[in-house]
Amino acid sequence: DTAVSQTPKYLVTQMGNDKSIKCEQNLGHDTMYWYKQDSKKFLKIMFSYNNKELIINETVPNRFSPKSPDKAHLNLHINSLELGDSAVYFCASSQQGLPSYEQYFGPGTRLTVT
Amino acid sequence: GENVEQHPSTLSVQEGDSAVIKCTYSDSASNYFPWYKQELGKRPQLIIDIRSNVGEKKDQRIAVTLNKTAKHFSLHITETQPEDSAVYFCAASGGGSQGNLIFGKGTKLSVKP
């Protein structure tokens, strides 16, 4: 009955590789998000999708691309991985596009680029 | 865009004492202010939130106050317990930025038994 799930939980890869992180929510929420949490624990929003439309796209390198096959899934694809991409990536979902409601976070994916 | 400042970055209290964490925001259009707790190795989880039409909200040992004029809001935890030890994040809705949440840099709270 996990509300927001992510796979994999850990991801270790080399520089230059391409990788994907998957996220699924079973809450029936309309909006999903991706956050990056760096080693200093700073939480920064990367993307959000509302009904399959990108509504937020912060200053994230275009090596990162979100893909949403349906409103229950928002996957994160990363091309040409760099050392600085090492972080914990959290997926989240909320009931509406506006964050007037609780955002439910997934368990996180710890990405290590060597 | 919105900018959220959070203080202090670390806070150590004795069990039973109160803890206060303060945040300021820059965008007067922001209208939603949640607080998240993140235990070590876990996901952030909402503990309390407040909307701009409310000045104070309380839930058992946790309370949040909002001063819209001064653009600051605070988290108050009373009768702290060791299990309150975690990193706490404040956040503000982005207002004109289509509503994205902007987080403060977090406060690491340690409650000593």
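Residues numbered from 1 in each chain as written. Chains lettered and ligands numbered in written order. Predicted model: local features only at pLDDT ≥ 70, side-chain atom pairs only at ≥ 80, totals over all residues. Heavy atoms only, no water.

### A word on the layout of surface pockets
What counts, and what does not: Cavities and pockets are found on a 1 Å grid laid over the protein atoms alone: a cavity is a set of points where a 1.4 Å probe fits but cannot escape, a pocket is an open set with protein on both sides within 12 Å along at least five of seven lines, and a lining residue has an atom within 4 Å of such a point. Grid points are joined across faces, edges and corners, and a volume is the space filled by probe spheres set on the points. Helix numbers and strand numbers start at the N terminus; a helix is a DSSP run of H or I with at least 4 residues, a strand a run of E with at least 2. The classification used treats Ala, Val, Leu, Ile, Met, Phe, Trp, Tyr, Cys and Pro as nonpolar, Asp, Glu, Lys and Arg as charged, and all other residues, Gly among them, as polar.
A volume near 450 Å³ is recorded for the second largest pocket. Lining the second largest pocket are 26 residues, and of these K41 of chain A together with Q38, E39, L40 and G41 of chain B sit closest to its centre. Elements with a contribution of two residues or more to the lining of the second largest pocket: β9 (87-94) and β11 (109-113) of chain A together with β9 (86-93) and β11 (107-112) of chain B. Top element by residues in the lining of the second largest pocket is β11 of chain B. It accounts for four residues. Partitioned by chemical class, the residues of the lining of the second largest pocket number eight nonpolar, 10 polar and eight charged.

### Side note on unusual backbone geometry
Peptide bonds are trans in most cases, and residues, glycine excluded, mostly fall at negative phi. Threshold: Burial classes follow relative accessibility: with a 1.4 Å probe on protein chains only, a residue under 20% of its type's maximum area counts as buried, one over 50% as exposed, and anything between as partly exposed.
Look at the link from T7 of chain A to P8 of chain A: it is a cis peptide, with omega at 0°. Along the chain, the position of P8 of chain A falls in the loop between β1 (4-7) and β2 (10-13). Following H7 of chain B, the chain continues to P8 of chain B via a peptide bond in cis, the omega torsion being -5°. Relative to the helices and strands, P8 of chain B resides in the loop between β1 (4-7) and β2 (10-14). Even without being glycine, E79 of chain B reaches a positive phi, approximately 45°. Inspection of the secondary structure assignment puts E79 of chain B in the loop between β8 (72-77) and β9. Overall, the relative accessible area of 54% leaves E79 of chain B in the exposed class.

### What about the sheet that holds β8 of chain B?
Residues and elements named next belong to chain B. Stated precisely, the cut-off is as follows: Note on pairing: two strands pair once DSSP finds at least 2 bridges between them. Lines fitted to the C-alpha atoms define the axes, with helices restricted to the stretch that makes contact. Angles between their N-to-C directions range from 0 to 180 degrees.
Taken in spatial order, the five strands make up an open sheet running β1-β3-β8-β7-β6, and their pairing is antiparallel. Every interior strand has two partners, whereas the edge strands, β1 and β6 (56-59), have only one. When the angles between neighbouring strand axes are averaged without regard to direction, this sheet yields 15°. One ladder, built from four bridges, connects β1 with strand β3 (residues 19-25); its direction is antiparallel. When the sheet's bridge partners are listed, H7 is paired in β3 with K22.

### Overview of a positive patch on the surface
Put simply, the rule reads: Patch members must show over 30% relative accessible area and no salt bridge, and they are joined within 9 Å when carrying like charges or within 5 Å when they are nonpolar side chains of Val, Leu, Ile, Met, Phe, Trp or Tyr. Every accessible area reported is derived by Shrake-Rupley at a probe size of 1.4 Å, with residue values counting cover from the shown protein chains alone. Any carboxyl oxygen of Asp or Glu within 4 Å of a side-chain nitrogen of Lys or Arg constitutes a salt bridge here. For the purpose of charge, His is not counted, nor are the chain termini; Lys and Arg are scored as positive and Asp and Glu as negative. Note that the charge is assigned to NZ on lysines, CZ on arginines, CG on aspartates and CD on glutamates.
On the surface, a cluster of positive charge is contributed by K9, K41 and R110 of chain A together with K108 of chain B. Topologically, K108 of chain B is positioned in strand β11.

### So, the state of the cysteines
All names here are of chain A. To keep it simple, the criterion reads: Here, the term disulfide refers to a pair of cysteine sulfur atoms separated by no more than 2.5 Å.
Taken as a whole and judged by the stated rule, the model has two disulfides over all chains. One disulfide bridge connects C23 with C91, the sulfur atoms lying 1.8 Å from each other. Classification of the bridge connecting C23 and C91 rests on its S-S torsion, roughly -75°, and on that basis the disulfide is left-handed. Of this pair, C23 sits in strand β3 (residues 19-25) while C91 sits in strand β9; the two residues are 68 residues apart in sequence, bridging distant segments of the chain. Across the pair, exposure class does not vary: C23 and C91 are buried alike.

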